[in-house]
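Summary of the model geometry
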Amino acid sequence: QVQLKEVGGGLVQAGGSLRLTCAASGRTFSVYGVGWFRQASGKEREFVSAITWIGGNMYYADSVKGRFSISRRTANNSVHLQTNSLKPEDTAVYYCAENRNHGSDLRVPRAYDSWGQGTQVTVSS
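Anyway, here's the lowdown on the structure attached to this text. Just so you know, these numbers come straight off a predicted model, no measurement behind them. (Residues numbered from 1 in each chain as written. Predicted model: local features only at pLDDT ≥ 70, side-chain atom pairs only at ≥ 80, totals over all residues. Heavy atoms only, no water.)

Let us now look at the sheet that holds strand β3 (residues 18-25). Picture the strands of a sheet paired through backbone hydrogen bonds; they go either parallel or antiparallel. Judged by pairing direction, the sheet is antiparallel, and its four strands sit side by side in the order β1-β3-β8-β7 without closing on themselves. The sheet is open, and its two edges are formed by β1 (3-7) and β7 (68-73), each paired on a single side. With strand direction ignored, the average angle separating the axes of adjacent strands in the sheet is 15°. Direction of pairing for β1 relative to β3: antiparallel, over a ladder of five bridges. For Q3, the partnering residue across the bridge sits in β3 and is S25. (Pairing = 2+ DSSP bridges. Helix = DSSP H or I, 4+ residues; strand = E, 2+ residues; numbered from the N terminus. Axes fitted to C-alpha atoms, helices over the stretch in contact; angles between N-to-C directions.)

The following block contains the structure:
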């Protein structure tokens, strides 16, 4: 079973940047897509961004368009989320997840088969 692990979270001031990485261990990503979601305290988990593993098609939530950028590196089995111009409202636990079903809607959490444990991103004002 693919184990997913997120790294790169931390505390940053508003306007700053963080680069989050989702790495798979155990075996190669053999998926349709990889997504990033976030969950702020007291709120539901929400879609942030996703990328298809083969074609590299990218998807973003409106709230992060123009500020966040997703990419994948097939050679080292990882997906990155570059977060720029961070705002206090971006504060949340960020999770990566894998989806193995071609054609799924990568914007919905229920489409995903496994999840990492998350990394905390805190943006101070």
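On we go.
Roughly 180 Å³ of internal volume is contained in the largest pocket. Forming the walls of the largest pocket are 14 residues, and the residues nearest its centre are R38, A40, K43, E46 and E89. By residue class, the composition of the lining of the largest pocket is three nonpolar, three polar and eight charged. (1 Å grid on protein atoms, 1.4 Å probe; cavity = no way out; pocket = protein on both sides within 12 Å on 5 of 7 lines; lining within 4 Å. Points joined across faces, edges and corners; volume = space filled by probe spheres on them. Nonpolar A, V, L, I, M, F, W, Y, C, P; charged D, E, K, R; others polar.)

Attention now moves to the state of the cysteines. Counted by the stated rule, this structure contains one disulfide. Linked covalently through their sulfurs, C22 and C96 form a disulfide whose S-S length is 2.1 Å. Of note, the bridge from C22 to C96 carries an S-S torsion of about 65° and is right-handed in sense. Pair noted here: C22 is in strand β3 and C96 is in strand β9 (residues 92-99), with a separation of 74 residues, a long-range link. Across this residue pair, the class does not change: C22 and C96 are buried. (Disulfide = S-S within 2.5 Å. Buried < 20%, exposed > 50% of the residue type's maximum accessible area, 1.4 Å probe, protein only.)

Let us look at the pairing of β3. Looking at chain direction, β3 and strand β8 (residues 78-83) are connected through six bridges and run antiparallel. Bridge pairing in β8 places R19 opposite Q82.

Moving on, we come to the packing of aromatic side chains. Evaluated as defined, the whole model comprises four aromatic pairs. Counting every residue linked through ring pairs, the aromatic cluster contains F37, F47, Y112 and W115. The ring of Y95 has R45 lying over it, and the distance from NZ or CZ to the ring centre is 3.9 Å. One Lys or Arg, R45, reaches over the ring of W115 and ends 4.7 Å from the middle of that ring. (Phe/Tyr/Trp six-rings, centres within 6.5 Å; stacked < 30°, edge-to-face > 60°. Lys NZ or Arg CZ within 6 Å of the ring centre and 35° of its normal.)

In this model, N77 sits at a positive phi of 60°, which is unusual for a non-glycine residue. With respect to the helices and strands, the residue N77 is situated in the loop between β7 and β8. What makes N77 buried here is its relative accessible area of 10%. Of note, the phi angle at S85 is positive, near 50°, even though the residue is not glycine.

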